[in-house]
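# Residue-level structure breakdown
Now for the letters of each chain:
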Amino acid sequence: MKIAEFPVSAARASVAAALTEDMAADDITTLWSVPADLIATAEVSTRQPGVVAGLPVVPEVFARTDPQVQVESLVADGARVQAGDVLVRLTGPARSLITAERTVLNFLQRLCGIATFTDRFVQAVAGTPARILDTRKTAPGLRALDKYAVTVGGGSNHRLSLAAMVLLKENHIAAAGGVTAAIEAVRKGMAESGTRVPIEVEVQTVAEAWEALEALEPLEAPVALETLKTLNALETGVGWLLLDNMEPADIEEVVRVRAGRPGGAEILLEASGNVTLDRVRTIADTGVDLISIGALTHSAPALDLTMLIALDEDRPRLR
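## Re the overall build of the protein chain
- Scanning the protein chain for helices and strands turns up twelve helices and twelve strands.
- With the principal axes as the frame, the protein chain shows a C-alpha extent of 75 × 40 × 30 Å.
- Buried residues in the protein chain amount to 49% of all 319 residues.
- Put simply, of all contacts in the protein chain between residues at least 6 apart along the chain, 78% involve residues at least 24 apart.
- About 15,100 Å² of surface is accessible on the protein chain, with carbon and sulfur atoms providing 52% of the total.

## Description of the sheet that holds strand 1 (residues 39–46)
- The strand order across the open sheet formed by four strands is 3-5-1-12, and the pairing between neighbours is antiparallel. Both outer strands of the open sheet, strand 3 (70–73) and strand 12 (305–311), are each paired with one neighbouring strand and no more. On average, each strand axis in the sheet is inclined to that of its neighbour by 15°, with strand direction left out of account.
- Bridge count between strand 1 and strand 5 (residues 86–93): seven bridges; the pairing is antiparallel. Paired with Glu43 across the two strands is Arg89, which belongs to strand 5.
- Against the sheet, helix 4 (residues 94–124) touches strand 1, strand 5 and strand 12, its axis set at about 160° to strand 12.

## As for helix 10 (residues 248–259)
- If you check helix 10, its first and last C-alpha atoms are 17 Å apart, about what twelve residues at 1.5 Å a residue would give, namely 16 Å.
- Every buried residue of helix 10 is listed here: Pro248, Ile251, Val254, Val255, Val257 and Arg258.

## With respect to the nonpolar core
- Of all hydrophobic cores here, the largest spans 84 residues; its most connected members are Leu90, Leu168, Val201, Leu241, Val288 and Ile291.
- Ignoring sequence-local partners within four residues, the contact set of Val288 consists of Pro129, Ala130, Leu243, Ile251, Val255, Leu269, Ala271 and Ile283.
- Ranked by size, the runner-up nonpolar core spans five residues in total, among them Leu133, Met165, Leu268 and Leu290.

## Structural notes on the packing of aromatic side chains
- Counting across every chain of the model gives two aromatic pairs.
- A ring pair is formed by Phe6 and Tyr148, whose centres lie 5.1 Å apart and whose planes are at 85°; its orientation type is edge-to-face. One end of the pair, Phe6, is in the segment before helix 1 (8–21); the other, Tyr148, is in helix 5 (residues 143–152), with 142 residues separating them in the sequence.
- A centroid spacing of 5.2 Å and a plane angle of 85° characterise the contact between Phe117 and Phe121, whose relative ring orientation is edge-to-face. You can see Phe117 and its partner Phe121 sitting in helix 4, four residues apart, about one turn around the helix.

## Regarding the pattern of salt bridges
- For the structure on display, the rule yields ten salt bridges.
- Here Asp304 ties to Arg47 by a salt bridge, and the two come within 3.2 Å at their closest N and O atoms. In this pair, Asp304 sits in the loop between helix 12 (295–298) and strand 12 while Arg47 sits in the loop between strand 1 and strand 2 (50–51), placing the two residues 257 residues apart along the sequence.
- By relative accessible area, Arg47 is classed as exposed at 51%.
- Among the ionic pairs, Asp146 bridges to Arg110, the shortest N-O distance being 2.8 Å. With Asp146 in helix 5 and Arg110 in helix 4, the pair connects residues that are 36 residues apart, well separated along the chain.

## Regarding the sheet that holds strand 9 (residues 239–244)
- In spatial order, the strands read 6-11-10-9-8-7; together these six strands make up an open sheet with parallel pairing. Since the sheet does not close on itself, it has two edges, and those belong to strand 6 (131–133) and strand 7 (166–168), each with one partner. Going across the sheet, the axis of each strand differs from the next one's by a mean of 25°, ignoring polarity.
- Strand direction decides the pairing type here: strand 6 and strand 11 (residues 290–292), joined by three bridges, are parallel. In the strand pairing of strand 11, Arg131 is matched with Leu290.
- Helix 7 (residues 179–193) contacts strand 7 and strand 8 (199–203) of the sheet and is inclined by roughly 165° relative to strand 8.
- Sheet strands in contact with helix 8 (residues 206–215) are strand 8, strand 9 and strand 10 (267–272), and its direction is about 160° off that of strand 8.

## Examining the side chain of Asp66
- Position of Asp66 among the secondary structure elements: in the loop between helix 3 (57–65) and strand 3.
- Of the side chains bearing the opposite charge, Arg95 lies closest to the buried Asp66, which forms no salt bridge; the N-O distance is 9.7 Å.
- Once residues within four sequence positions are removed from consideration, Asp66 is found in contact with Pro93 and Ser96.

## A short note on the pairing of strand 9
- The buried count for strand 9 comes to six of six residues, which makes it a mostly enclosed element.
- Every second residue of strand 9 is oriented toward a common face, with Gly239, Leu241 and Leu243 on one face and Trp240, Leu242 and Asp244 on the other, all of them buried.
- As defined by bridge partners, strand 8 adjoins strand 9 across five bridges and the pair is classed as parallel. Bridge pairing links Glu200 to Trp240 in strand 9.
- Where strand 9 meets strand 10, six bridges bridge the pair, whose relative direction is parallel. Across the sheet, residue Gly239 finds its bridge partner in strand 10, namely Ile267.
- In this fold, strand 9 hands off to helix 10, which returns the chain to strand 10; that crossover is right-handed.

Cut-offs applied
- Residues numbered from 1 in each chain as written.
- Predicted model: local features only at pLDDT ≥ 70, side-chain atom pairs only at ≥ 80, totals over all residues.
- Heavy atoms only, no water.
- Helix = DSSP H or I, 4+ residues; strand = E, 2+ residues; numbered from the N terminus.
- Buried < 20%, exposed > 50% of the residue type's maximum accessible area, 1.4 Å probe, protein only.
- Contact = heavy atoms within 4.5 Å.
- Areas by Shrake-Rupley, 256 points an atom, 1.4 Å probe, with all protein chains shown as cover.
- Pairing = 2+ DSSP bridges.
- Axes fitted to C-alpha atoms, helices over the stretch in contact; angles between N-to-C directions.
- Expected span 1.5 Å × (residues − 1).
- Core = buried A, V, L, I, M, F, W, Y, C linked by side-chain atoms within 4.5 Å.
- Phe/Tyr/Trp six-rings, centres within 6.5 Å; stacked < 30°, edge-to-face > 60°.
- Salt bridge = Lys/Arg side-chain N within 4 Å of Asp/Glu carboxyl O.
- Lys, Arg positive; Asp, Glu negative; His and termini not counted.
- Right-handed = clockwise from strand over helix to strand, strands pointing away.

So, in structure tokens, the structure goes:
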């Protein structure tokens, strides 16, 4: 799976907010205890195995904290590391290294954790057609970075925002008066606005899935399912079904129903809800195309990283 482009603008905004939150310019402990002219080297290393993600954040932190700090990444995003491996080496004023330490680790531990957790799900479904998706259950203000880390771990991104596509969930359907009414209302809205975006419909039973399949018209120009699975063809207007908290036997039934419907291959099936590492392979074996997992970004354990400094005795102090 291709890693998404690193979201530089989002990273810069997130770094600025993090440093402001930490009041990095007023780090009184460091200002009062560390000599202003002291040069040091620091290494960020991991205490456990994992997948590396978020390294481009580090130079963004020091671009704001102290551009004198030299940042050397010893691995790349996507690398698999073992306990004790060094990810980044930093050289510069000791004050700057120590002040930025927590901000650097907060970003890297979170993003490496998401990539590592995602990788575990991806490996669990290896050999099946199913792809692993994230959700919008991201940390407020960190969505672009969280979703980037998912792709580093081999997963794919679902919609980035509410404007990316239509996703008719339980409350939308109830307010619209049912599955068919909701789909018809959306199609009318798309026609009036002159836009064409994918429509995904959340269903909880086989009967609701059948109704949604009947209401989702086939595409005028069919698109290969493998192309749609890349999630890079959002302009196609393909229909999706989100099978929410359905048992594997019911998911298999929906897969069979889709296969027997004209144009059914143009409809993506996404399973979601209570997806754990113990259950994900069983869900993948039903034949669904996509499995979305909120836990990738809301419950991924942080990768245990540390940053330690050593005084650089070969360098003169700052003048």
